Amino acid sequence: MKGHVAMQRDIPFKDLGGGVRRRVLSYNEKVMTVEVSFETGAEGVVHTHPHTQCTYVLSGRFNYIVEDEAIVLGPGDSVVVPSDLPHGTICLETGVLLDIFSPMRSDFL
């Protein structure tokens, strides 16, 4: 198999500070799946990157900003962020996001 596969229970979270933790679940050179956990009030600061990003809300509520627009997302909601578009989030209610990046983010390894 050409890729990284792991059992979720075996993958430790990386503490990013400010109430945000993440763990890379699986990846190959073309795609990466990442679980990001937020405490209420934690922020994913507005940023850009060359990867296309799909975000799916597993739990919690988030004020998600893409470019100059904000929308509140809850469980089952998702958003696609094209490459190089400014985006970020503020956690309104403790929760978890599933982020999928294409291509993979080598800076997360």
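Residues numbered from 1 in each chain as written. Predicted model: local features only at pLDDT ≥ 70, side-chain atom pairs only at ≥ 80, totals over all residues. Heavy atoms only, no water.

Student: Which residues make up the side chain of Arg105, and what values go with them?
Tutor: As for its placement among the helices and strands, Arg105 is situated in the segment after strand S9 (87-102). Owing to a relative accessible area of 10%, Arg105 belongs among the buried residues under this scheme. Of note is the side chain of Arg105, whose polar atom sits 2.7 Å from the side chain of Asp107. Excluding anything up to four places from it in sequence, Arg105 contacts Met32, His49 and His51. (Helix = DSSP H or I, 4+ residues; strand = E, 2+ residues; numbered from the N terminus. Buried < 20%, exposed > 50% of the residue type's maximum accessible area, 1.4 Å probe, protein only. Polar contact = N/O pair within 3.5 Å; in protein donor to acceptor, adjacent residues only side chain to side chain. Contact = heavy atoms within 4.5 Å.)

Student: How would you summarise the pattern of salt bridges if you had to cite specific residues and measurements?
Tutor: Tallied over the full model, the rule gives two salt bridges. The closest approach of N and O atoms between Glu35 and Arg23, which form a salt bridge, is 2.9 Å. Taken together, the residues span a long stretch of sequence, with Glu35 in strand S4 (residues 32-38) and Arg23 in strand S3 (residues 20-27) at a distance of twelve residues. The shortest N-O distance in the salt bridge between Arg105 and Asp107 comes to 2.7 Å. Judged by its relative accessible area of 48%, Asp107 falls in the partly exposed class. (Salt bridge = Lys/Arg side-chain N within 4 Å of Asp/Glu carboxyl O.)

Student: Go over the side chain of His87 with me, naming the residues and quoting the values.
Tutor: You can see His87 is positioned in strand S9. Side chain to side chain, His87 and Gln53 meet in a polar contact 3.1 Å long. Within the structure, His87 has its side chain in polar contact with the backbone oxygen of Leu85 (distance 2.8 Å). Not counting the four nearest positions on each side in its chain, His87 is found in contact with Val45, Val46, His47, His49, Gln53, Tyr64, Ile65, Val66 and Val81.

Student: Which residues make up the nonpolar core, and what values do they have?
Tutor: In this structure, Met32, Val34, Phe38, Phe62, Tyr64, Val66 and Phe108 are the most contacted members of the largest nonpolar core, which totals 20 residues. Mapped by element, the contributors of at least two residues to this core are S3, S4, strand S6 (52-66), strand S8 (78-81) and S9. Look past the residues within four positions of Val34 in its chain and what remains in contact with it is Arg22, Arg23, Val24, Leu25, Leu97, Leu98, Asp99, Phe101 and Phe108. (Core = buried A, V, L, I, M, F, W, Y, C linked by side-chain atoms within 4.5 Å.)

Student: Describe in detail the packing of aromatic side chains, supporting the description with residues and values.
Tutor: On inspection of all chains with the given rule, the structure shows two aromatic pairs. Arranged with centres 5.6 Å apart and planes meeting at 85°, the rings of Phe101 and Phe108 form a pair that is edge-to-face. Pair check on accessibility: Phe101 and Phe108 agree, each one buried. When the ring centre of Phe13 is taken as origin, the NZ or CZ atom of Arg21, which lies over that ring, is 4.0 Å away. If you follow Arg105 out to its NZ or CZ, it ends over the ring of Phe101, 5.2 Å from the centre. (Phe/Tyr/Trp six-rings, centres within 6.5 Å; stacked < 30°, edge-to-face > 60°. Lys NZ or Arg CZ within 6 Å of the ring centre and 35° of its normal.)

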